[in-house]
Amino acid sequence: MISWLYLVFSHQAASWLLGVSEWAFGALLFAGYWDKRLGILGALGSTATFIGTVTIIPFMPDGWDPVAGFPAMTGNVPFLMKDVVLLAVSLYILKQDLVRVAQR
């Protein structure tokens, strides 16, 4: 899902764009403690970010052990698996903030 970034931007610019957006979404999640509407924006952004990084996992070069096969991870795949959990957390926060805003 993010391969288009490298066609539009240089690798460095795409890296900066992703880094700045992730910091912005983190700040919005933190601000959501006081204003749930900002938390919703942060949760939507982090959800989109983690969906993008989770889609990389199946296509990671040398990500799966050639001898053991599919479930045996190598390379950067174990590092990216944390994004599956963070995606679930982002969806949970989004749901909680939506419920709290709807109750007002």
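Residues numbered from 1 in each chain as written. Predicted model: local features only at pLDDT ≥ 70, side-chain atom pairs only at ≥ 80, totals over all residues. Heavy atoms only, no water.

**Observations concerning the overall build of the protein chain**
A count of helical and extended segments in the protein chain gives five helices and zero strands. Mapped in sequence order, the helices and strands of the protein chain form the string α-α-α-α-α. At 16 Å, the protein chain has a C-alpha radius of gyration far larger than the 13 Å of a compact globule built from 104 residues. The C-alpha extent of the protein chain, read off along each of the three principal axes, is 55 × 30 × 15 Å. Of all 104 residues assigned to the protein chain, the portion counted as buried reaches 26%. Partitioning the contacts of the protein chain with sequence separation of at least 6, the portion at a separation of at least 24 is 46%. Split by element, the accessible area of the protein chain, about 7,200 Å² in all, is 73% carbon and sulfur. Here the protein chain carries 6 positive and 6 negative side-chain charges, and the mean point of each set is 19 Å from the other. (Helix = DSSP H or I, 4+ residues; strand = E, 2+ residues; numbered from the N terminus. Rg over C-alpha atoms; globule rule 2.2 N^0.38 Å. Buried < 20%, exposed > 50% of the residue type's maximum accessible area, 1.4 Å probe, protein only. Contact = heavy atoms within 4.5 Å. Areas by Shrake-Rupley, 256 points an atom, 1.4 Å probe, with all protein chains shown as cover. Lys, Arg positive; Asp, Glu negative; His and termini not counted. Charge placed at Lys NZ, Arg CZ, Asp CG, Glu CD.)

**Looking at helix H5 (residues 82-103)**
Helix length check: H5 (22 residues) gives 32 Å between terminal C-alpha atoms against 32 Å at 1.5 Å per residue, within 8%. For H5, every residue scored as buried is listed here: Asp83, Leu87, Ser90, Leu94, Gln96 and Asp97. Against the buried residues of H5 lie helix H3 (36-54) and helix H4 (77-80). (Expected span 1.5 Å × (residues − 1).)

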